[in-house]
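Each chain, written out:
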Amino acid sequence: MTATPLHSFQRLAAYLQDQVRAPEHYTLGYSAEHSQFIRFNHAKVRQAGEVQQASCTLKLVNDGRQAELQFTLCHDPEVDQQRLVQAIEQLRQTLPLLAADPYLQLNDEAWHSHSVQEQALPETDQVLAQIKQGAAELDLVGIYAAGPIYRGFANSLGAFGWHQANSFNFDWSLFHRNGQAVKANYAGQAWDSDAFALRLRQAREQLEYLGRPLKTLFPGEYRAYLAPAAMDEIMGMLCWGGFSAQALATKSSPLQRLFADDARLSSMVSIGEQISGSLSPAFSDEGTVRHDLRLIEQGRGLDRLVCARSAAEFALAANGADGHESPCALSMAAGELAQQSILERLGTGLYISNLWYLNFSDLPAARMTGLTRFATFWVEGGQIQAPVSTMRFDDSVYSLLGSQLEALTAERELILSTSTYGQRQTSSSHLPGALVKRLTLTL
Amino acid sequence: MFEITALLRQRFAALRSDAEFFSLRYVQQSQQYLSVRKNIAEPPFFSRDEGAMLTVRVKGVEAYAATADLSQAGLQQALAHAEALARQIGALALLNLSDQAVASERRDYCSPNLEQPFPSLADCFDLLARESASVPDDSRLVNWQASLGVSNLEQIYLNSAGAELRQAQRFVYPGFSVTAFDGQDSQTRSLGRDNFGQQGGEDVIVRCGLVNAGAKVADQALQLLLAPNTPSGVRDLLLMPDQMMLQIHESIGHPLEMDRILGDERNYAGTSFVNASDFGTLQYGSKLLNVTFDPTLGEELASYSHDDDGTPASKQFLIRDGVLLRPLGGALSQFRSGLDGVANSRACGWNRAPIDRMANLNIEPGEQRLDQLIGGIEHGILMSTNRSWSIDDARNKFQFGCEWGQLIENGELKGVVKNPNYRGISAQFWGNLSAVGDASTFEVLGTPNCGKGEPNQVVRVGHASPACVFSQIDVFGGDA
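Residues numbered from 1 in each chain as written. Chains lettered and ligands numbered in written order. Predicted model: local features only at pLDDT ≥ 70, side-chain atom pairs only at ≥ 80, totals over all residues.

1. As for the overall build of chain A
- From N to C terminus, chain A includes 10 helices and 20 strands.
- What you see for chain A is a C-alpha radius of gyration of 24 Å, in line with the 22 Å of a compact globule of 443 residues.
- Across its three principal axes, chain A shows a C-alpha extent of roughly 75 × 55 × 30 Å.
- Taking as baseline every contact in chain A between residues at least 6 positions apart, the subset at least 24 positions apart corresponds to 70%. (Helix = DSSP H or I, 4+ residues; strand = E, 2+ residues; numbered from the N terminus. Rg over C-alpha atoms; globule rule 2.2 N^0.38 Å. Contact = placed C-beta atoms within 7 Å.)

2. Some thoughts on the overall build of chain B
- Scanning chain B from N- to C-terminus turns up 10 helices and 24 strands.
- Taken over C-alpha atoms, the radius of gyration comes to 24 Å for chain B, in line with the 23 Å a tight globule of 480 residues would show.
- Taken along its principal axes, the extent of the C-alpha atoms in chain B is 70 × 55 × 35 Å.
- Looking at chain B as a whole, 60% of its 480 residues qualify as buried.
- Residue pairs in contact within chain B that sit at least 24 positions apart in sequence constitute 74% of those at least 6 positions apart. (Buried ≥ 20, exposed ≤ 12 C-beta atoms within 10 Å, placed from the backbone.)

3. Focus on the UniProt feature "domain: Metalloprotease TldD/E C-terminal" (unreviewed entry) in chain B
- As recorded in UniProt, the feature "domain: Metalloprotease TldD/E C-terminal" (unreviewed entry) lies at residues 237-475 of chain B.
- When the span residues 237-475 of chain B is considered, its composition is 14% helix and 37% strand, and the gap between its end C-alpha atoms is 8 Å. (UniProt positions renumbered as here; feature names shortened; annotations may be inferred.)

4. Re the domain arrangement of chain A
All names here are of chain A.
- Parsing chain A into structural domains produces domain 1 (5-208) and domain 2 (220-441).
- Taking the mean C-alpha position of each, domain 1 and domain 2 sit 25 Å from one another.
- With 29 residues of domain 1 in contact, the opposing surface of domain 2 contributes 25 residues.
- Within the residue set of the side of domain 1 that touches domain 2, elements represented by two or more residues are β1 (25-41), β4 (112-117), β5 (139-155), β6 (160-175) and β7 (181-188).
- Top element by residues in the side of domain 1 that touches domain 2 is β6. It accounts for 6 residues. (Domains from an automatic or database assignment.)

5. Points about the UniProt feature "domain: Metalloprotease TldD/E C-terminal" (unreviewed entry) in chain A
- UniProt's feature table lists "domain: Metalloprotease TldD/E C-terminal" (unreviewed entry) at residues 219-441 of chain A, given in the numbering used throughout.
- The span residues 219-441 of chain A is 18% helix and 36% strand, and its two end C-alpha atoms sit 5 Å from each other.

6. As for the interface of chain B and chain A
- Listed by partner, the interface residues are 63 residues for chain B and 72 residues for chain A.
- No other element matches the 7 residues that strand β3 (residues 45-58) of chain B contributes to the side of chain B that touches chain A.
- Across the side of chain B that touches chain A, the residue classes tally to 28 nonpolar, 22 polar and 13 charged.
- The sheet contact formed by strand β3 (residues 65-72) of chain A and β3(B) spans 4 bridges and is parallel. If you follow Phe71(A) over to β3(B), its bridge partner there is Arg48(B). (Nonpolar A, V, L, I, M, F, W, Y, C, P; charged D, E, K, R; others polar. Pairing = 2+ DSSP bridges.)

7. What about the packing of helix α1 (residues 5-19) of chain A against helix α2 (residues 77-94) of chain A?
Residue and element names in this part refer to chain A.
- α2 packs onto α1 with a crossing angle of 40 degrees between their chain directions and a minimal axis gap of 11 Å. In terms of axis orientation, α1 runs oblique to α2. You can see that α1 and α2 cross each other, and the crossing is right-handed. Facing Arg-11, Leu-12, Tyr-15, Leu-16 and Gln-19 of α1, the residues of α2 in contact are Pro-77, Asp-80, Gln-81, Leu-84, Val-85 and Ile-88.
- Tallied by class, the residues present in the contact of α1 with α2 amount to 7 nonpolar, 2 polar and 2 charged. (Axes fitted to C-alpha atoms, helices over the stretch in contact; angles between N-to-C directions. Parallel < 35°, antiparallel > 145°, perpendicular 65-115°, else oblique. Left-handed = near helix turned anticlockwise from the far one by under 90°.)

8. A few points about helix α6 (residues 241-253) of chain B
- Between its terminal C-alpha atoms α6(B) stretches only 16 Å, short of the 18 Å expected from 13 residues at 1.5 Å a residue.
- Burial analysis of α6(B) places 13 of its 13 residues in the buried class, which makes it a mostly covered element. (Expected span 1.5 Å × (residues − 1).)

9. Points about the domain arrangement of chain B
Residue and element names in this part refer to chain B.
- For chain B, the assigned domains read domain 1 (4-226) and domain 2 (233-476).
- A C-alpha centroid distance of 21 Å is found between domain 1 and domain 2.
- In this assembly, 38 residues from domain 1 lie in contact with 35 residues from domain 2.
- Residue classes in the side of domain 1 that touches domain 2 are distributed as 17 nonpolar, 15 polar and 6 charged.

10. Let's talk about the packing of helix α3 (residues 124-135) of chain A against helix α4 (residues 193-209) of chain A
Residues and elements named next belong to chain A.
- Two elements in contact, α3 and α4, have axes separated by 11 Å at closest approach and are oriented at 35 degrees. Here the hand of the crossing between α3 and α4 comes out right-handed. Contacts between α3 and α4 pair Gln-130, Gly-134 and Ala-135 from the former with Ser-193, Phe-196, Ala-197 and Leu-200 from the latter.

11. Looking at the environment of Arg92(A)
- Relative to the helices and strands, Arg92(A) is located in helix α2.
- On a C-alpha basis, the gap between Arg92(A) and Ala136(A) in space is 58 Å, while along the polypeptide they are 44 residues apart.

12. Structural notes on the nonpolar core
- Residues Leu54(B), Ala82(B), Leu237(B), Leu238(B) and Cys468(B) are the most contacted members of the largest nonpolar core, which totals 263 residues.
- Take this core: its biggest share by element is 10 residues, from β5(A).
- If we skip the residues at most four places from it in the chain, Leu238(B) touches Leu373(B), Ile374(B), Ile377(B), Gly380(B), Leu382(B), Ile408(B), Ala467(B) and Val469(B). (Core = buried A, V, L, I, M, F, W, Y, C linked by C-beta atoms within 7 Å.)

13. What about unusual backbone geometry?
- Along the chain, Ala22(A) connects to Pro23(A) via a cis peptide bond; the corresponding omega equals 10 degrees.
- In the segment running from Glu454(B) into Pro455(B), the intervening peptide bond is cis, with an omega of 0 degrees.
- Secondary-structure assignment places Pro455(B) in the loop between β22 (443-452) and β23 (457-465).
- One non-glycine residue with positive phi stands out, namely Lys251(A), at about 60 degrees.
- Relative to the helices and strands, Lys251(A) resides in the loop between α6 (245-249) and α7 (256-259).
- Backbone geometry places Lys59(B), a non-glycine residue, at a positive phi of 50 degrees.
- Of note, Lys59(B) is situated in the loop between β3 and β4 (61-67).

14. Comments concerning helix α5 (residues 228-239) of chain A
Residue and element names in this part refer to chain A.
- With 12 residues, α5 ought to run about 16 Å at 1.5 Å a step, and its terminal C-alpha atoms sit 16 Å apart, in line with that.
- Burial analysis of α5 places 10 of its 12 residues in the buried class, which makes it a mostly covered element.
- Buried residues of α5: Pro-228, Ala-229, Ala-230, Met-231, Asp-232, Ile-234, Met-235, Met-237, Leu-238 and Cys-239, and no others.
- Positioned one or two residues after α5, Gly-241 has a phi angle of 90 degrees, which is positive.

15. Section: the sheet that holds strand β16 (residues 361-363) of chain B
Residue and element names in this part refer to chain B.
- Taken in spatial order, the 4 strands of this open sheet run β13-β12-β11-β16, and their pairing is antiparallel. Bordering the open sheet on either side are β13 (323-324) and β16, each of which pairs with just one other strand.
- Direction of pairing for strand β11 (residues 291-293) relative to strand β12 (residues 316-320): antiparallel, over a ladder of 3 bridges. In the sheet register, Val-291 faces β12, and the bridge partner there is Ile-319.
- Each of β11 and β16 is contacted by α6, which is oriented at about 115 degrees to β16, the strand it contacts most.

16. Overview of the environment of Trp111(A)
- Structurally, Trp111(A) is set in the loop between α2 and β4.
- A C-alpha to C-alpha distance of 7.6 Å links Trp111(A) and Val289(A), two positions 178 residues apart in sequence.

17. Observations regarding the environment of Ala464(B)
- Its location among the elements puts Ala464(B) in strand β23.
- As for Ala464(B) and Glu454(B), which are separated by 10 residues in sequence, their C-alpha atoms are 28 Å apart.

18. Things to note about the pairing of strand β1 (residues 21-37) of chain B
All names here are of chain B.
- Relative to β3, β1 runs antiparallel, the two sharing 13 bridges. Directly across from Ser-30, in β3, lies its bridge partner Arg-48.
- Relative to strand β6 (residues 141-159), β1 runs antiparallel, the two being bridged by 15 bridges. Looking at the pairing, Leu-34 lines up with Leu-148 of β6.
- As paired elements, β1 and strand β2 (residues 40-41) share 2 bridges and run antiparallel to each other. Pairing of Val-36 across the sheet is with Ala-41, part of β2.

19. Considering the confidence of the model for chain B
- On average, residues of chain B score 97 in pLDDT, and 100% of them are at 70 or above.
- Reported confidence for the predicted complex is 0.96 by ipTM and 0.97 by pTM. (pLDDT = per-residue confidence, 0-100.)

The following block contains the structure:
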């Protein structure tokens, strides 16, 4: 009988424990998935495949030095143990070549964490049949990604963590004949045919608005409503070093003025790292228990994300951040704007469903640029008038989420990451929509 | 090198399948990343990755299965899974590939200087430590980092039509950056990093200019901190090669990818302002614009003999004298569109399927030296080293930012300016190309970080370009 991923990892960790020689220490991270990827174009299958992958990341520590090696596992216990031995040997040969690391910090807490969610995923035939039935006459394009994800951690000080979850993520767009499109997503752990049909119907209804003649806007300042998916793009930029202890200390964070108390966001803005209840593992990639954090509280910078290395370098307390110090379960507090009042409160302006390809035009000033994409509408008198051609914005976060923020919605949307770079990601964000008095369009 | 070949051949020959065609693409990658930040060596990171993708064609429908289990049973199981999936999706498949030709060549390809050993770990750390230590003692210099990434790749492609294509390559990514801070503003100046990578060995470190770079990069970071903001307005724009590569990448490379034009990427990477009917007729830029797909420059990141579907690669003009000629479309896209393309079907590793990607996408040199380019500008700005990029999903409206700017007045370089940004529209921008630098301004650059595809993939791409001048471009600075 084939060993489960958990048993494979436990066996490797036990073998490693026997191989290390005091005073050596180790950490061993594990990441695996068995994924099915089905791409769609014109509501038909463009490309389909499955990927079975697993890897370990071994860190060896000795005499104040550390080095790390990641290696692929092949599911043959003997070969995987050989690879582990080779990894240990390479790291043993490497450590004496290094200078002592003043920022080396080992977490000696022998924590244990175990989370397994094995809810059955839908059969591929069922998913394909429902997509065929619901979208046959539509121009649907996107990807269905599904399967189990595994994350593990063990170290020589007795810590052990295991995270295992089945999930699916169907991320798609519907295109109108005129090239306009609406974006939709159905993701989770239990497939509900009725819920999926509802998502598809909602997207189809939005598509009808996109058939109206396009309105071309000129550069200038506009009232705007940013839906949660658009807010997710802005938050994604802020997560790019925004809350990182190292980025803040080395002046490469877009939120350095906020955390230096030289700038403020609107008092409506409170943002946290809400690990508990999220889909992310309860432990970081470097093997510490993650904490819920208050990153921004009523417009003021508060907690930063601190990994072990930053803790040692900047004399801070580590708080369970990954090595790259980015949030993995971002949660923004809701406001009071009711969903059904959005268009009325917007009055005349832009309803922006999604933003695209953001980047900084002036990083220290948190000024960013990006474009509208998917279902952006011109609204007059609280009524949708026309889809809008692609427009570029260039504005500071201190304006959008500061002086020009009028309201946040009372309802929030949970957005599960669709990223599959290297492996399927487990991060998420829980966000309201935002009504802003002024958004600057430049092109 | 290629030590696994005999074993793979044997196991591939023993595979059993009812498919009309199947292939195996084996990929082994080992990487090493070293860094010294503020004179402290960071923990070195190594990786070793190995696996294979089995692709089958059943009744014209293709599917794949990727596995790290390279045993006979593991490969057979992956092949069986791929076959089962191809049958499962058959009724809903977009494409019938029954008539698509398959590769049958046998060839080996190696990076230049691959036989020469790379400097030892100790030597690499010594170099990085030396450069880090050369940053002067100045309280405004708040961060600096010297880094060196090396990646070794071996790939073996076998298929049921008899193809055997082996590639062994080494990619090197040196880098250095310094950040200066005055209490309010911060400015970063860098060398290499995401803007420079090449195939080769120690020679790449030399060509990048990492040796003795520390003090110069630090000085430029301080100059930027003291510089005024880039003034807003319309000027002639001189882009140096380390910004040209980004300009080529975003507003020529991506819009010419045939899978975008065919709609595959509309949900993620986007579409294109270019239509299939534009090839052969569209005036993409001024008559000075000559763009090639060129896999023959040995040191460039995406030089190879065959792409990941086994199609032989050769130099082709995509744009000649400003006229759009052919897309970046591999064998499958050529089959689907009926257009001639190039060998650019590429995957980032064994666990992702090949799709249309940029490879080496270059601008051919013109006839003017750098001093002549500058001398021909009355009211302009030089911009160098990309730091910000944003473009719409049809790859038309863009805004790019650089680290370094210098005003040009009456044919002379003037003062340094910070936060140099510019914006434009691809469909018009290349028409404003007014001068192209000669071979003395030509640089071979590249980046390891081009993202695209569902599931997502990051691949390395090469861009070589001379310095170029664009007339009457909207430029502007930052807030600080």
